[in-house]
Amino acid sequence: MQAIGIKTSSSDTAERSRKGPGRDLLPLLAGVATVVGGVGAFLALADVNSPLRGPFTLFFLLAAPSAAIAAALRGLEPFGRVLASLAGAVTLDMLVAQGMIAVHRWSVPGGIVAVAALSSLILLLALARRRGDRRTGGRTL
(Lines give C-alpha, C1' and ligand atoms only; values in the text may rest on other atoms or scores of the structure.)
Protein backbone atom coordinates (compact mmCIF):
# COMPACT_ATOMS: atom_id res chain seq x y z
CA MET A 1 0.00 0.00 0.00
CA GLN A 2 1.31 3.40 -0.91
CA ALA A 3 0.53 6.61 0.92
CA ILE A 4 -0.55 9.45 -1.29
CA GLY A 5 0.84 12.79 -0.23
CA ILE A 6 -1.03 16.02 -0.77
CA LYS A 7 1.07 18.61 -2.50
CA THR A 8 0.35 22.26 -1.92
CA SER A 9 0.57 24.59 -4.84
CA SER A 10 3.24 27.23 -4.93
CA SER A 11 0.59 29.96 -4.74
CA ASP A 12 -0.70 28.57 -1.41
CA THR A 13 2.74 28.59 0.17
CA ALA A 14 3.52 32.00 -1.28
CA GLU A 15 0.25 33.34 0.10
CA ARG A 16 0.91 31.94 3.58
CA SER A 17 4.52 33.05 3.76
CA ARG A 18 3.79 36.54 2.45
CA LYS A 19 4.53 39.15 5.03
CA GLY A 20 3.58 42.75 4.99
CA PRO A 21 0.94 45.24 5.98
CA GLY A 22 -1.66 44.06 3.44
CA ARG A 23 -1.86 40.47 4.69
CA ASP A 24 -4.21 41.10 7.60
CA LEU A 25 -6.14 43.98 6.07
CA LEU A 26 -9.32 42.10 5.09
CA PRO A 27 -10.15 40.80 8.61
CA LEU A 28 -9.42 44.25 10.02
CA LEU A 29 -11.79 45.92 7.56
CA ALA A 30 -14.48 43.32 8.29
CA GLY A 31 -14.15 44.05 12.00
CA VAL A 32 -14.35 47.80 11.47
CA ALA A 33 -17.42 47.38 9.26
CA THR A 34 -19.10 45.24 11.91
CA VAL A 35 -18.43 47.82 14.61
CA VAL A 36 -19.65 50.72 12.45
CA GLY A 37 -22.84 48.84 11.56
CA GLY A 38 -23.46 47.85 15.17
CA VAL A 39 -22.95 51.41 16.38
CA GLY A 40 -25.32 52.67 13.69
CA ALA A 41 -28.03 50.21 14.74
CA PHE A 42 -27.51 51.10 18.40
CA LEU A 43 -27.67 54.86 17.75
CA ALA A 44 -30.90 54.44 15.78
CA LEU A 45 -32.53 52.11 18.31
CA ALA A 46 -31.50 54.25 21.31
CA ASP A 47 -32.62 57.46 19.53
CA VAL A 48 -29.32 59.18 20.30
CA ASN A 49 -28.86 62.63 18.77
CA SER A 50 -25.46 62.40 17.13
CA PRO A 51 -24.07 63.56 13.81
CA LEU A 52 -22.87 59.98 13.21
CA ARG A 53 -26.35 58.48 13.59
CA GLY A 54 -27.42 59.01 9.97
CA PRO A 55 -24.32 57.74 8.15
CA PHE A 56 -23.75 54.79 10.51
CA THR A 57 -27.40 53.74 10.35
CA LEU A 58 -27.37 53.96 6.56
CA PHE A 59 -24.20 51.85 6.56
CA PHE A 60 -25.96 49.25 8.72
CA LEU A 61 -29.00 49.23 6.45
CA LEU A 62 -26.78 48.52 3.44
CA ALA A 63 -24.09 46.31 4.99
CA ALA A 64 -26.20 43.85 7.00
CA PRO A 65 -28.36 42.61 4.12
CA SER A 66 -25.42 42.82 1.70
CA ALA A 67 -23.27 40.56 3.86
CA ALA A 68 -26.10 38.05 4.25
CA ILE A 69 -26.89 37.99 0.54
CA ALA A 70 -23.20 37.77 -0.38
CA ALA A 71 -22.88 34.71 1.87
CA ALA A 72 -25.75 33.09 -0.02
CA LEU A 73 -24.19 33.87 -3.43
CA ARG A 74 -20.86 32.11 -2.94
CA GLY A 75 -20.79 30.72 -6.49
CA LEU A 76 -20.57 34.09 -8.24
CA GLU A 77 -17.45 35.97 -9.18
CA PRO A 78 -16.47 38.68 -6.64
CA PHE A 79 -17.57 41.69 -8.69
CA GLY A 80 -20.91 40.11 -9.58
CA ARG A 81 -21.45 39.07 -5.98
CA VAL A 82 -20.82 42.62 -4.74
CA LEU A 83 -23.26 44.12 -7.25
CA ALA A 84 -25.94 41.51 -6.62
CA SER A 85 -25.65 41.79 -2.85
CA LEU A 86 -25.85 45.60 -2.91
CA ALA A 87 -28.87 45.48 -5.22
CA GLY A 88 -30.46 42.89 -2.94
CA ALA A 89 -29.78 45.03 0.13
CA VAL A 90 -31.45 48.07 -1.42
CA THR A 91 -34.37 45.90 -2.51
CA LEU A 92 -34.76 44.39 0.96
CA ASP A 93 -34.68 47.85 2.57
CA MET A 94 -37.29 49.15 0.16
CA LEU A 95 -39.56 46.14 0.66
CA VAL A 96 -39.37 46.53 4.44
CA ALA A 97 -40.18 50.24 4.19
CA GLN A 98 -43.01 49.65 1.74
CA GLY A 99 -44.49 46.86 3.85
CA MET A 100 -44.36 48.93 7.03
CA ILE A 101 -45.96 51.91 5.32
CA ALA A 102 -48.65 49.70 3.78
CA VAL A 103 -49.74 48.41 7.19
CA HIS A 104 -49.40 51.88 8.79
CA ARG A 105 -46.70 50.74 11.22
CA TRP A 106 -43.74 52.79 10.04
CA SER A 107 -41.06 53.53 12.63
CA VAL A 108 -37.30 53.83 12.44
CA PRO A 109 -36.58 51.33 15.23
CA GLY A 110 -39.09 48.90 13.70
CA GLY A 111 -37.38 49.19 10.33
CA ILE A 112 -33.94 48.57 11.85
CA VAL A 113 -35.21 45.50 13.71
CA ALA A 114 -37.02 44.16 10.62
CA VAL A 115 -33.94 44.56 8.39
CA ALA A 116 -31.73 42.96 11.04
CA ALA A 117 -34.14 40.05 11.46
CA LEU A 118 -34.48 39.43 7.71
CA SER A 119 -30.71 39.71 7.23
CA SER A 120 -30.13 37.22 10.03
CA LEU A 121 -32.67 34.85 8.51
CA ILE A 122 -30.99 35.03 5.07
CA LEU A 123 -27.58 34.42 6.64
CA LEU A 124 -28.81 31.47 8.70
CA LEU A 125 -30.48 29.90 5.65
CA ALA A 126 -27.27 30.29 3.64
CA LEU A 127 -25.22 28.71 6.43
CA ALA A 128 -27.70 25.85 6.79
CA ARG A 129 -27.59 25.20 3.05
CA ARG A 130 -23.79 25.17 3.05
CA ARG A 131 -23.75 22.80 6.02
CA GLY A 132 -26.23 20.51 4.26
CA ASP A 133 -24.05 20.53 1.14
CA ARG A 134 -21.08 19.40 3.23
CA ARG A 135 -23.03 16.51 4.71
CA THR A 136 -24.18 15.19 1.33
CA GLY A 137 -20.76 15.73 -0.22
CA GLY A 138 -22.05 18.28 -2.72
CA ARG A 139 -24.52 15.82 -4.31
CA THR A 140 -28.10 16.74 -4.97
CA LEU A 141 -30.62 14.28 -3.64
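Residues numbered from 1 in each chain as written. Predicted model: local features only at pLDDT ≥ 70, side-chain atom pairs only at ≥ 80, totals over all residues. Heavy atoms only, no water.

Draft legend 1. Inspection of the overall build of the protein at higher detail. Along its length, the protein carries 5 helices and 0 strands. Ordering the α and β elements of the protein from the N terminus gives α-α-α-α-α. Counting only residues that meet the buried cut, the protein has 20% of its 141 residues in that class. As displayed, the protein offers around 10,500 Å² of accessible surface, 68% of which is attributable to carbon and sulfur atoms. (Helix = DSSP H or I, 4+ residues; strand = E, 2+ residues; numbered from the N terminus. Buried < 20%, exposed > 50% of the residue type's maximum accessible area, 1.4 Å probe, protein only. Areas by Shrake-Rupley, 256 points an atom, 1.4 Å probe, with all protein chains shown as cover.)

Draft legend 2. How the structure looks around the packing of helix α2 (residues 25-46) against helix α5 (residues 108-136). Contact pair α2 / α5: the axes reach a minimum separation of 8 Å and the direction vectors enclose 145°. α2 and α5 meet at a crossing whose hand is left-handed. Across the interface between the two elements, Ala41, Ala44 and Leu45 from α2 touch Val108, Pro109, Ile112 and Val113 from α5. Residues of the contact of α2 with α5, tallied by class, amount to 7 nonpolar, no polar and no charged. (Axes fitted to C-alpha atoms, helices over the stretch in contact; angles between N-to-C directions. Left-handed = near helix turned anticlockwise from the far one by under 90°. Contact = heavy atoms within 4.5 Å. Nonpolar A, V, L, I, M, F, W, Y, C, P; charged D, E, K, R; others polar.)

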